[in-house]
Amino acid sequence: MVDFNGWDMPVEYSGIIAEHNAVRTGVGIFDVSHMGDIRVAGREALASIQHISINDASRLAIGQAQYSAMLYPQGTFVDDIIVHRLAEQEYLIVINAGTREKDFNWVRDNTRQFDCVVENLSDDFTQIAIQGPRGVDVVQKLTDADLSAVKFYWVTRGTICGLKNILIARTGYTGEDGFEIYIPSDEQTSARVWNEVLQAGKEFGVLPCGLGARNTLRLESKLPLYGHEISDTINVWEAGLDRFCKMEKPEFVGRDALDKAKAAGLKRTLVGLEMVDRGIARDGYRILNSSGQEIGYVTSGSYAPFLKKNIALAYVPPELSAVGTEVLVEIRNQGVKARVVPTPFYKRPKKS
Amino acid sequence: MAYPADFKYTKEHEWIKPDGGNATIGITSYAQDSLGDIVFVDLPKPGTEISAGKTFGSVESVKAVSDLYAPASGTVTEVNGDLNTHPEKINKDAHGSWMVKIKLKDAAELNSLLSAADYEKFVSEEGGH
């Protein structure tokens, strides 16, 4: 077990590689109760969400979710979030573990001018993620909700493991199809549901998965992690999250700074690297040019269990970001060759 | 886990098997288990001088990077190149997957290392917290 932002969490159960590949080819389950949940409801709930997030929440139908982010006025990240529209005037924001208090305070403090209530529900839910191509089969065995009617990034409510009116979201952080369910957080219920999901998944080869596989899965799929690809010193353009940032919205926190940052031009940009020579780039390693000068750094790097390659995400100057560009990763005082490759490294096959 | 009685062990979880003036070095079963899936080894070339207690290479699992510390001083005579392409063999058989062979500089250095029984006791205490 490791301490992860105050949560005792297993890095692995049976082994990161086996867990990772179970999610890519079958199904794996994760206890992601460390994620935080903020409910925003009321007459001006939408206006408040629009004010604090970069995506356009007005496009959300009831039952739909979207990836988004909250920014500081300087255009850098408070956190990335998923906004779910639960009812006409009710939204659920799912946030990261490491930033729970900061995020809640941020949402509360920046929505005071709106007629809405902001509640921290983080301790009310145990969140279990059932991820992988067979995830739908597992969850369907446990619920009366018709999951074939729930598209990716939509939510529904249903009875699951005998618990009524449970939020079931077709979301995840693995690059696969999958679900995240929000059940009452008492230990007895949490343990019972966890075990029932494992039991239901047996025929599909389900594996319980830890933080290790969660990290390698999200890395292969180029999903950002706060403190790595995004942080309070990195802006939206640098992180390459442009498509989630709706500049046509007249106003949101950080918008003016992003306008200026775009006009000023990028100083660094996030790229995917694949190691050419032997070596594994790790978080924080320096990126060097061919003359050995430091030009950037690795935000996340690992052996990629499904791709069976050594991959990394890194910030480099835009002029060195073209696919095919060779750079050096400094590994134990040696420059080890790596090449810029297209991202995401892994994209799940389209359903036929 | 059985730790061979004819090996000596370090508190950094390497094993060394002496054979006259030569010795074979690897990492222990406890080490591979703590590291998890091993995906990379970085070993010295034949001819490299290694010194007792100093790093001579590294081993990486998916989740962690770990230095290798020389249990004794000497000159590398042979390297197990098979581990470059099949590092996972260390997970399957840590005590059979040797990393380097060395010509010992001073065989008496091995006297200060742990016996199998001492090492087993050491890891049971380390693993207990």
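One can find the structure itself at the top, above this paragraph.
Not measured: the values here are computed from a predicted model.

Student: Describe the interface of chain B and chain A, with residues and values.
Tutor: Chain B puts nine residues into the contact, and the matching count from chain A is 13 residues. Elements represented by at least two residues in the side of chain B that touches chain A include exactly strand 4 (38-42) and strand 6 (55-61) of chain B. Taken together, the residues of the side of chain B that touches chain A break down into four nonpolar, two polar and three charged.

Student: Can you break down the sheet that holds strand 9 (residues 100-104) of chain B residue by residue, with the values?
Tutor: Residue and element names in this part refer to chain B. Pairing in this open sheet of six strands is antiparallel, and the strands run 1-2-3-9-8-5 from one edge to the other. Each end of this open sheet is capped by a strand with a single partner; those strands are strand 1 (8-9) and strand 5 (49-50). The pairing of strand 8 (residues 74-79) with strand 9 spans five bridges and is classified as antiparallel. Within strand 9, the residue paired with E78 across the bridge is K101.

Student: Report on the packing of helix 1 (residues 16-25) of chain A against helix 6 (residues 211-220) of chain A, specifying residues and quantitative values.
Tutor: Residues and elements named next belong to chain A. Contact pair helix 1 / helix 6: the axes reach a minimum separation of 9 Å and the direction vectors enclose 55 degrees. For the element pair helix 1 / helix 6, the angle class is oblique. You can see that helix 1 and helix 6 cross each other, and the crossing is right-handed. Where helix 1 approaches helix 6, its residues I16, E19, H20 and V23 are matched on the opposing element by G212, A213, T216 and L217. Residue composition of the contact of helix 1 with helix 6, grouped by class: four nonpolar, three polar and one charged.

Student: Can you explain the pairing of strand 18 (residues 326-331) of chain A? Please cite residues and give values.
Tutor: Residues and elements named next belong to chain A. With two bridges joining them, strand 15 (residues 286-288) and strand 18 adopt antiparallel strand pairing. Paired with L288 across the strands is L328, a residue of strand 18. Bridging between strand 18 and strand 19 (residues 334-341) involves six bridges; their strand directions are antiparallel. Bridge pairing in strand 19 places V327 opposite A338. Hairpin connection, strand 18 to strand 19: the antiparallel pair is bridged by two residues, and R332 has positive phi, about 45 degrees.

Student: I'd like a description of the nonpolar core, backed by residues and values.
Tutor: Residue and element names in this part refer to chain A. Membership of the largest hydrophobic core comes to 132 residues, with the highest contact counts inside it found for V40, I93, I130, A281, A314 and V329. A domain split of this core shows at least three residues from each of domain 1 (2-217) and domain 2 (267-345). The residues contacting I130, other than those within four sequence positions of it, are V27, I29, G135, V138, V139, G178, F179 and V197.

Student: Can you explain the sheet that holds strand 16 (residues 294-304) of chain A? Please cite residues and give values.
Tutor: Residues and elements named next belong to chain A. Strand order in this closed barrel of six strands is 14-17-16-15-18-19, and the pairing throughout is antiparallel. Along the sheet, successive strands turn relative to each other by an average axial angle of 45 degrees, direction set aside. As judged from the six bridges shared by strand 14 (residues 269-275) and strand 17 (residues 309-316), these two strands associate in the antiparallel manner. Bridge pairing in strand 17 places V271 opposite A314. Sheet strands in contact with helix 6 are strand 16 and strand 17, and its direction is about 120 degrees off that of strand 16.

Student: So what about the packing of helix 4 (residues 135-142) of chain A against helix 5 (residues 187-201) of chain A? Which residues, and what values?
Tutor: The axes of two packed helices give the description: the angle between them and the distance between them. Residue and element names in this part refer to chain A. Running from N to C, helix 4 and helix 5 cross one another at 120 degrees; their axes reach a closest spacing of 9 Å. Classed by the angle they form, the pair helix 4 and helix 5 counts as oblique. Between helix 4 and helix 5 lies a crossing of right-handed hand. In contact with V138, K141 and L142 of helix 4, helix 5 contributes E196, V197, A200 and G201. Along the lines of polarity and charge, the residues of the contact of helix 4 with helix 5 split into four nonpolar, one polar and two charged.

Reading the values: rules and limits
- Think of each chain on its own: its residues are numbered from 1, step by step along the sequence as written.
- Lettering of chains starts at A and numbering of ligands starts at 1, both following the order in which they are written.
- With pLDDT at 70 or above as the cut-off, local features in this predicted model cover only qualifying residues; side-chain atom pairs require 80 or more to be listed or tallied, and sums for whole chains, interfaces and linings still use all residues.
- A pair of residues counts as a contact when their C-beta atoms, built from backbone coordinates, are within 7 Å of each other.
- Where helices and strands are cited, they refer to DSSP runs of H or I of at least four residues and of E of at least two residues respectively, numbered from the N terminus.
- Amino acid classes used here: Ala, Val, Leu, Ile, Met, Phe, Trp, Tyr, Cys and Pro are nonpolar; Asp, Glu, Lys and Arg are charged; the rest, including Gly, are polar.
- Whether two strands pair comes down to DSSP finding at least two bridges between them.
- Think of each axis as a best-fit line through the C-alpha atoms, taken over the contacting stretch in the case of a helix, with angles from 0 to 180 degrees between the N-to-C directions.
- Reported orientations rely on four angle classes, namely roughly parallel under 35 degrees, roughly antiparallel over 145, roughly perpendicular from 65 to 115, and oblique for the rest.
- In this scheme, a crossing is called left-handed if the near helix is turned counterclockwise away from the far one by less than a right angle; it is called right-handed if the turn is clockwise.
- The nonpolar core criterion groups buried Ala, Val, Leu, Ile, Met, Phe, Trp, Tyr and Cys residues into a set whenever they are joined through C-beta atoms within 7 Å.
- Each residue is classified by how many other C-beta atoms fall within 10 Å of its C-beta atom, where C-beta atoms are placed from the backbone; a count of 20 or more means buried, 12 or fewer means exposed, and values in between mean partly exposed.
- All the domain ranges listed were derived from an automatic or database domain assignment.

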